[in-house]
Amino acid sequence: MSGLVDVHAHFLTPEYVEAAIAAGHGSPDGMPGWPSWDASAHLELMDRWGVEVSLLSISSPGVHFGDDTAARRLARHVNDAGAEARRAHADRFGHFASLPLPDVDGALAELAHAADELGCDGVTIETNAGGRYLGDPAFAPLWTELARRRTPVFVHPTSPPHAEAIALGRPRPMLEFLFDTGRAVSDLLFTGTLARHPGVPWIFTHGGGVLPLLADRLELFRTAFTGDTGGPTVPEQVGDLWFDIAGTPFPHQVPAFERAFGTEKLLYGSDFCWTPPAAVDAQLAGIDAATQPAGTTWRELTTRNCARLFPRLSPA
């Protein structure tokens, strides 16, 4: 595969947007409103950007708005729609199926449907589900099944609890998403969830958010304040996860990430359609203008990494 693989690409349906607005998400995560999406326009932009395959997912606020039954219906709808886009353009689109957490039974049922009947490339969840983070013991059956299947799990940030109070009236993707990624990973670490479910291929976003700066501090607290001095360090455990470089990867984020965790599990992400085309243009221009890794390019490196995680995207 010669072109980029975009693991952080979003789609929408009118029915999904209508359901989200009806549930109070007219300004989702403090953003001004909802973008638009259609497959043909997305494909034209992919050609412009040199993206060969985009793995489509539903972004925050996800599919669960408080009612389990409604969330199961909405997850089924968006997953059937995502699978149809994948079938219609099998060489260009992949699909991460949405799971209706915190409804674990519903998530397990939808995982079986999406994986066994729809042929999804992985699943997507949010960094917290109604304020419950990923180390919650109730979620363990889902992690066990995902580990058994070796299903990639794309974890998209969402607003944290009490977001309106702490975001100071600003869009939560600006700051809170980056902190919530750090909060979710730290919860997986400190609850032992990562260690208990080593077969789950976790993918996190935006170059790890705040993690490149905070991994050493987390390790300090793990050892000095909890007395846990055995096992792999926090940087070692974080380095076993996958991360995309959506957002503003250069000049600072990716170099900081590389120093902290290396580049063997970095993937490309655009964050389209929530990131406007002009901003994706600027992101890719920054990636191409940056100092390239030794003997390769950031485009080639992320595509090679992606082929290890998604065998069907491996070069023929």
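Note that the structure is a prediction, hence the values are computed from the model and not measured. (Residues numbered from 1 in each chain as written. Predicted model: local features only at pLDDT ≥ 70, side-chain atom pairs only at ≥ 80, totals over all residues. Heavy atoms only, no water.)

Caption draft 1: Structural view of the packing of aromatic side chains. Applying the stated criterion to the full structure yields 17 aromatic pairs. A ring pair is formed by Tyr16 and Phe65, whose centres lie 6.4 Å apart and whose planes are at 40°; its orientation type is tilted. Of the two residues, Tyr16 sits in helix 1 (residues 14-22) while Phe65 sits in the loop between strand 2 (51-57) and helix 3 (68-88), which places them 49 residues apart along the sequence. When its relative accessible area of 1% is taken as the criterion, Tyr16 is described as buried. Relative accessible area serves as the criterion here: at 26%, Phe65 is assigned to the partly exposed category. Ring geometry for Trp34 against Trp274: centres 5.3 Å apart, planes inclined by 55°, an arrangement best described as tilted. Separated by 240 residues along the polypeptide, Trp34 in the loop between helix 1 and helix 2 (39-49) and Trp274 in the loop between strand 10 (266-267) and helix 12 (277-289) bring together distant segments of the chain. The pair Trp34 / Trp274 is uniform in exposure class, with both members buried. Members of the aromatic cluster, each reached through a chain of ring pairs, are Phe139, Trp143, Trp202, Phe204, Phe243, Phe257 and Phe261. (Phe/Tyr/Trp six-rings, centres within 6.5 Å; stacked < 30°, edge-to-face > 60°. Helix = DSSP H or I, 4+ residues; strand = E, 2+ residues; numbered from the N terminus. Buried < 20%, exposed > 50% of the residue type's maximum accessible area, 1.4 Å probe, protein only.)

Caption draft 2: Fine view of the pairing of strand 2. Most of strand 2 is tucked away: 6 of the 7 residues are buried. Two elements, strand 1 (residues 4-10) and strand 2, share 5 bridges in a ladder whose sense is parallel. Within strand 2, the position partnered with Leu4 by the bridge is Val51. The pairing of strand 2 with strand 3 (residues 93-98) spans 3 bridges and is parallel. Residue pairing across strands places Leu55 opposite Gly94, the latter belonging to strand 3. (Pairing = 2+ DSSP bridges.)

Caption draft 3: Expanded view of the side chain of Asp103. For Asp103, the position within the fold is in the loop between strand 3 and helix 4 (104-118). Residue Asp103 is classed as buried on the basis of its relative accessible area of 6%. Within polar-contact distance, the side chain of Asp103 engages the backbone nitrogen of Asp105 at 3.5 Å. Beyond its immediate stretch of four places on either side in the chain, Asp103 contacts His64, Asp68 and Arg72. (Polar contact = N/O pair within 3.5 Å; in protein donor to acceptor, adjacent residues only side chain to side chain. Contact = heavy atoms within 4.5 Å.)

Caption draft 4: Expanded view of the packing of helix 3 against helix 4. Put simply, helix 3 and helix 4 touch, their axes get as near as 11 Å, and they point 20° apart. Judged by the inter-axis angle, helix 3 sits roughly parallel to helix 4. For the pair helix 3 and helix 4, the sense of crossing is right-handed. Facing helix 3, whose interface residues are Arg72, Ala75, Arg76, Asn79, Asp80, Ala83, Arg86 and Arg87, helix 4 presents Asp105, Gly106, Glu110, His113 and Leu118. (Axes fitted to C-alpha atoms, helices over the stretch in contact; angles between N-to-C directions. Parallel < 35°, antiparallel > 145°, perpendicular 65-115°, else oblique. Left-handed = near helix turned anticlockwise from the far one by under 90°.)

Caption draft 5: Structural context of the nonpolar core. One finds Tyr16, Trp37, Leu101, Ile125, Trp143 and Trp202 to be the most contacted residues of the largest nonpolar core, which totals 76 residues. Not counting chain neighbours up to four residues away, the residues in contact with Trp202 comprise Ile125, Leu134, Trp143, Val153, Val155, Leu188, Leu194, Leu241 and Trp242. In terms of nonpolar packing, the next biggest core, distinct from the first, is built from 13 residues, Val53, Leu55, Phe154 and Phe310 among them. (Core = buried A, V, L, I, M, F, W, Y, C linked by side-chain atoms within 4.5 Å.)

Caption draft 6: Up close: helix 7 (residues 176-190). Helix length check: helix 7 (15 residues) gives 20 Å between terminal C-alpha atoms against 21 Å at 1.5 Å per residue, within 8%. Phi turns positive, to about 80°, at Gly192, one or two residues after helix 7. (Expected span 1.5 Å × (residues − 1).)

Caption draft 7: Molecular detail of the pattern of salt bridges. This model, assessed by the stated rule, comprises 14 salt bridges. For Arg86, the salt bridge identified is with Asp121, shortest N-O distance 2.9 Å. Within this pair, whereas Arg86 is found in helix 3, its partner Asp121 is found in the loop between helix 4 and strand 4 (122-126), the two being separated by 35 residues in sequence. Owing to a relative accessible area of 18%, Arg86 belongs among the buried residues under this scheme. Salt bridges sharing partners connect three or more residues here, namely Asp116, Glu145, Arg148 and Arg149. (Salt bridge = Lys/Arg side-chain N within 4 Å of Asp/Glu carboxyl O.)

Caption draft 8: Representation of the environment of Phe154 in the model. Secondary-structure assignment places Phe154 in strand 7 (residues 153-156). We classify Phe154 as buried; its relative accessible area is 0%. In this structure the C-alpha to C-alpha distance between Phe154 and Phe204, which are 50 residues apart in sequence, comes to 6.3 Å. Residues in contact with Phe154, not counting those within four places in the same chain, are Val7, His8, His10, Ser57, Phe96, Val123, Thr124, Ile125, Ile203, Thr205 and Asp244.

Caption draft 9: Quick look at the sheet that holds strand 9 (residues 242-244). In spatial order, the strands read 1-2-3-4-7-8-9-10; together these 8 strands make up an open sheet with parallel pairing. The outermost strands of the open sheet, each flanked by one partner alone, are strand 1 and strand 10. Relative to strand 10, strand 9 is paired through 2 bridges, and the arrangement is parallel. Each residue of the ladder has a partner; that of Phe243, found in strand 10, is Leu266.

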